[in-house]
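The residues making up each chain are set out below.
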Amino acid sequence: MSIEHQGGPSAAASSVEPAKGKLGVMVVGLGAVATTMIAGVEAVRRGLAKPIGSLTQMGTIRLGKRTDNNSPLIKDFVPLADLNDIVFTGWDIFEDNVYEAAAHAAVLDKETLAKLRPHLEAIKPMPAVFDQHYVKRLNGTHVKQGKTKRELADQVIEDIRNFKKTVDRVVMIWAGSTEIFMEPSAVHQSIQNFEKGLVANDPGIAPSQIYAYAALSEGVPFANGAPNLTVDIPALVCLSKKNNAPICGKDFKTGQTFMKTVLAPAFKARMLGVHGWFSTNILGNRDGEVLDDPESFKTKEESKLGSLEYIFQPELYPDLYKDIYHKIRINYYPPRGDEKEAWDNIDIFGWLGYPMQVKVNFLCRDSILAAPIALDLVLFLDLAKRSSELRSLGIQEWLSFYLKSPQTAEGLYPEHDLFIQSMKLKNTLRHIMGEGLITHLGLEYYD
Ligand SMILES: NC(=O)c1ccc[n+]([C@@H]2O[C@H](COP(=O)([O-])OP(=O)(O)OC[C@H]3O[C@@H](n4cnc5c(N)ncnc54)[C@H](O)[C@@H]3O)[C@@H](O)[C@H]2O)c1
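Residues numbered from 1 in each chain as written. Predicted model: local features only at pLDDT ≥ 70, side-chain atom pairs only at ≥ 80, totals over all residues. Heavy atoms only, no water.

Caption draft 1: Examining the overall build of the protein chain more closely. When helices and strands are tallied, the protein chain shows 15 helices and 13 strands. Its C-alpha atoms give the protein chain principal-axis dimensions of roughly 65 × 50 × 50 Å. Relative to its 447 residues, the protein chain shows a buried fraction of 55%. Residue pairs in contact within the protein chain that sit at least 24 positions apart in sequence constitute 76% of those at least 6 positions apart. Accessible surface, the protein chain: about 19,500 Å² in total, of which carbon and sulfur atoms supply 53%. Looking at charge distribution, the protein chain has the averaged site of its 49 positive side-chain charges lying 2 Å from that of its 54 negative ones. (Helix = DSSP H or I, 4+ residues; strand = E, 2+ residues; numbered from the N terminus. Buried < 20%, exposed > 50% of the residue type's maximum accessible area, 1.4 Å probe, protein only. Contact = heavy atoms within 4.5 Å. Areas by Shrake-Rupley, 256 points an atom, 1.4 Å probe, with all protein chains shown as cover. Lys, Arg positive; Asp, Glu negative; His and termini not counted. Charge placed at Lys NZ, Arg CZ, Asp CG, Glu CD.)

Below you can see the structure in the form of structure tokens.
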């Protein structure tokens, strides 16, 4: 008989170590997203606010049959680090402490920041690995010096080792600026090539890759909130597997792409065609300023463009999606600060080809949407590192849910549909905990 709920692995096949002690979170780039996450975690710890938007903190997971009425909180079902056990540190090219950086970012109001001030002031960035060649619009002063990229990587490794002395486990997350568009080259093809490139100062190695290399060498999981190439190269995928240091895709899926990966699967599910999808944005934060540079914009554009192509599968549905005109614009508009506005005009067509339009106007807050995603990625990567089944896989495809550019094993197309991603994430949690998977078949209720 078919069942909606299938048995999982035996308890012996899979084990997850408990989240004992302190989780150290090393954040690269203490800008708008990072400071909103750090301040938010502290506000939640003090009972000043709720962790809205965070699946790890607020989400539930159904276990067993629908008639079992068993839907615990995710954080009660899988052993995640408690927010009270998180310790933050990080790097930035500016010396501002987290309070000053948060005040500059102006995402959270002054009253909230004032309440958190002593805690936030105590988090001071370490000098960064930075090179203006990779982020044209910034000019940092608080940077590490080294003759070679190898020396810089060693300095980051030293930072990680020092931090490890004060906490029990470490995860690193890139919340730094978007680097210029780069394509994989010979230096990225193997760990050996990459290590030679570090010594030879190969221009193919960007600062984000120096941090990632340092993390993965130390067995530290690494997440990438920006669309940079970073760990999306064979050398760092190999290092991730070799050292049991999980990685995932890139670029937080927060506003416009989040909406795209909800609407596009809906059109496809109903076999409605799409002629064109025009997306434009205005934003005025530092991220917007960096993206005003064409080379950084190209990195973001590639990341944002991918989702529709994969969701619509024009090769399977040429009558519906063969000739979509998909355009993305981002304009830097300082008055708007972090409060981005996004417009989408979607030209769809239905029965007998009759045209219709859908307009979406999303007045969002960039970092308010991104902060819980950054937190969840950190907590789930730490979980993956403690899971006997997940830690050696390298890429954690089940975290695609959070990312504009999911990373997959070679030869696999990425899954962009938010609801498939959500199901994959929850089934992965059920699987590692030895619970049955949910298939949504459900014939057994009618026997
Ligand atoms: N907010 C969102 O909705 C969202 C969504 C997807 C992706 N992102 C990406 O997340 C990243 C952070 O966004 P943000 O709004 O916080 O930007 P931000 O400009 O406020 O912060 C980035 C910080 O990184 C620092 N930095 C740059 N290069 C560095 C380096 N090599 N080492 C250490 N620090 C470095 C900058 O000084 C700055 O403080 C950006 O790349 C952005 O594109 C944001």
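Read on, since the account is not over.
Caption draft 2: Fine view of the pattern of salt bridges. Under the definition given, this model contains 20 salt bridges. Between Arg46 and Glu42 there is a salt bridge whose closest N-O contact spans 2.8 Å. Since its relative accessible area comes to 41%, Arg46 is described here as partly exposed. Judged by relative accessible area, which is 9%, Glu42 ranks as buried. Between Asp382 and Arg386 there is a salt bridge whose closest N-O contact spans 3.0 Å. Within this pair, Asp382 and its partner Arg386 are both found in helix α14 (residues 366–386), separated by four residues, close to a single helical turn. A network of salt bridges, in which partner residues are shared, links Glu42, Arg45 and Arg46. (Salt bridge = Lys/Arg side-chain N within 4 Å of Asp/Glu carboxyl O.)

Caption draft 3: Quick peek at helix α5 (residues 110–121). End to end, α5 covers just 14 Å across 12 residues, shorter than the expected 16 Å (1.5 Å per residue, more than 12% under). Of the residues making up α5, those classed as buried are Leu113, Leu116 and Leu120. Seen from one end, α5 has its buried residues packed into an arc of 90°, which puts them on one side. More than 90 degrees from the buried face of α5, the exposed residues found are Glu111, Lys115 and Pro118. (Expected span 1.5 Å × (residues − 1). Arc of directions from axis to C-beta.)

Caption draft 4: Structural context of the side chain of Thr35. Among the secondary structure elements, Thr35 is positioned in helix α1 (residues 32–45). What makes Thr35 buried here is its relative accessible area of 1%. A distance of 3.3 Å separates the side chain of Thr35 from the backbone oxygen of Ala32, its partner in a polar contact. Those residues in contact with Thr35 that sit more than four places away from it in its chain are Leu30, Gly40, Val98, Ala101, Ala102 and Ala105. (Polar contact = N/O pair within 3.5 Å; in protein donor to acceptor, adjacent residues only side chain to side chain.)

Caption draft 5: Representation of helix α7 (residues 191–199). If you check which residues of α7 are buried, you get Ile191, Phe194, Gly197 and Leu198. For α7, the buried positions fall inside an angular range of 125° around the axis, keeping them on one side. Residues of α7 that are exposed and angled more than 90 degrees away from the buried face: Gln192 and Lys196. Of the surrounding secondary structure, the elements contacted by the buried residues of α7 are α6 (149–164), α8 (207–217) and α9 (234–242). In the segment just after α7, Asn201 is the residue with positive phi, at about 55°.

Caption draft 6: Structural detail: the sheet that holds strand β6 (residues 222–224). In space, the seven strands of this open sheet follow the order β4-β3-β2-β5-β6-β7-β12, with mixed pairing throughout. Edge positions in the open sheet fall to β4 (126–127) and β12 (403–405), since each of these has one partner strand only. In the packing of α1 onto the sheet, contacts are made with β2 (23–28), β3 (86–92) and β7 (247–252), and the angle to β3 comes to roughly 160°. (Pairing = 2+ DSSP bridges. Axes fitted to C-alpha atoms, helices over the stretch in contact; angles between N-to-C directions.)

Caption draft 7: Geometry of the nonpolar core. Ranked by size, the top nonpolar core spans 58 residues in total, and within it Phe380, Tyr402 and Leu429 carry the most contacts. Counting residues per element, this core draws most heavily on α14, which supplies 12 residues. Within the second largest apolar cluster, 49 residues are counted, among which are Val170, Ala212, Phe222 and Ala235. (Core = buried A, V, L, I, M, F, W, Y, C linked by side-chain atoms within 4.5 Å.)

Caption draft 8: Broad picture of the environment of Val187. As for its position among the elements, Val187 is in the loop between β5 (169–174) and α7. On the basis of relative accessible area, Val187 is assigned to the buried category, the value being 6%. Separated by 240 residues in sequence, Val187 and Asn427 have C-alpha atoms that sit 36 Å apart. Sequence-distant contacts of Val187, defined by excluding residues within four places in its chain, comprise Asn193, Phe194, Gly197, Asp202, Gly204 and Ile205.

Caption draft 9: The arrangement of a nonpolar patch on the surface in detail. On the surface, a cluster of nonpolar side chains totalling about 500 Å² of accessible area is made up of Trp351, Leu352 and Tyr354. By the element assignment, Tyr354 lies in the loop between β10 (341–349) and β11 (355–363). (Patch = residues over 30% accessible without salt bridge, like charges linked within 9 Å, V, L, I, M, F, W, Y side chains within 5 Å.)

Purely spatial values, then, with no claim about function.
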